[in-house]
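# Analysis of the macromolecular model
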Amino acid sequence: MRVLVTGAAGFLGSHLCDRLLAQGHRVIGMDSFLTGNAANVAHLKGHPSFQFALHDVTNFIELQGPLDGVLHFASPASPVDYLEFPIQTLKVGSLGTHKALGLSKAKGARFLLASTSEVYGDPLVHPQPESYWGNVNPVGPRGVYDEAKRFAEAMTMAYHRYHQLDTRIVRIFNTYGPRMRPNDGRVVSNFIVQALKSAPLTMYGDGSQTRSFCFVDDLIDGIVRLFESSES
Ligand SMILES: NC(=O)c1ccc[n+]([C@@H]2O[C@H](COP(=O)([O-])OP(=O)(O)OC[C@H]3O[C@@H](n4cnc5c(N)ncnc54)[C@H](O)[C@@H]3O)[C@@H](O)[C@H]2O)c1
């Protein structure tokens, strides 16, 4: 397949490009470098099946040639980033998702959205089944991320229902692994960086909160399997 990965220079997007290429797909990686890093895809330079496109996906996406899939991973993901870039986060979840869906529709390409466990907000149910709709504060600071992703899911389902687009949504939980930035701001990198400095580990709240962790290779494995499967 020939596929587009948005957010390709990010933590997850770059691993996704690696895996798709390893499985024989042709990959166009697109990124604006808002929170990503060129070093994450530097090893792919010159790969015969990889092309990189510097582009902000909140603007119209133009691609020549046939396309079989769009995997939409562009978005700030760490709280440090989405609090620093609140408007860009809302824009990439809304306008960016719309542009990526529009491209999928024009090309007849399968669409996969990287959503998040944050669509549940501060959940009142643990663990969260898909039937639970969440507990989100739209006017709190985290609303920029939570609501952008909820809008992105709703937009994806509208294209699925109205245009019969082949779509998949993955609600990703806290993922860790190589290429995570030391200042990512989430618990795994915080603890590792503090441990390496022999500094005390910072525990938020009373420490009774829970997280669902996933190693990046396992996440990418699940995402590629869902993308390639006939389940939609
Ligand atoms: N890492 C996790 O644990 C986690 C958890 C839940 C959901 N997700 C989702 O997975 C996706 C990737 O997350 P990540 O951890 O790799 O984050 P990341 O910040 O490392 O990567 C996101 C990438 O998107 C790019 N980007 C942002 N806005 C853009 C725009 N307008 N146009 C083009 N590129 C743009 C950034 O430059 C960056 O390279 C995000 O959609 C995020 O919401 C990640």
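## Focus on the environment of Pro182
- In this fold, Pro182 is placed in the loop between strand 7 (174-176) and helix 5 (187-196).
- In the structure, Pro182 is positioned 12 residues away from Gln194 in sequence and 9.8 Å away in space, judged by C-alpha atoms.
- Discounting chain neighbours no more than four positions away, the residues touching Pro182 are Ser189 and Val193.

## Examining the nonpolar core
- Val5, Leu16, Cys17 and Val70 are the most contacted members of the largest nonpolar core, which has 43 residues in total.
- When residues of this core are traced back to their parent elements, those giving at least two are strand 1 (2-6), helix 1 (11-22), strand 2 (26-31), strand 4 (69-72), helix 3 (86-107), strand 5 (110-116), helix 4 (143-163) and helix 6 (216-228).
- In contact with Val5, other than residues within four places in its own chain, are Gly13, Leu16, Cys17, Val27, Gly29, Met30, Leu71 and Phe73.

## Re the site of the ligand
- Near the ligand there are 29 residues, and of these Gly7, Gly10, Gly36, Ser75 and Ala77 occur at the shortest range.
- Residue assignment for the shell around the ligand shows that the elements contributing at least two residues are helix 1, helix 3, strand 5 and strand 7.
- When residues in the shell around the ligand are grouped by element, the largest group, three residues, is from helix 1.

Quick notes on the rules
- Per chain, residue numbering runs from 1 following the sequence as it is written.
- Confidence filtering applies because this is a predicted model: local features only for residues at pLDDT of at least 70, side-chain atom pairs given and counted only at 80 or more, and all residues used for totals across whole chains, interfaces and linings.
- Helix and strand assignments come from DSSP, with helices taken as H or I runs of at least 4 residues and strands as E runs of at least 2, each series counted from the N terminus.
- For the purpose of contact definition, each residue receives a C-beta atom placed from its backbone, and two residues are in contact when these atoms lie within 7 Å.
- Note on definitions: a nonpolar core is a set of buried residues drawn from Ala, Val, Leu, Ile, Met, Phe, Trp, Tyr and Cys, linked by C-beta atoms within 7 Å.
- Each residue is classified by how many other C-beta atoms fall within 10 Å of its C-beta atom, where C-beta atoms are placed from the backbone; a count of 20 or more means buried, 12 or fewer means exposed, and values in between mean partly exposed.
- We call a residue near a molecule or strand when the C-beta position, derived from backbone atoms, sits within 6 Å of it.

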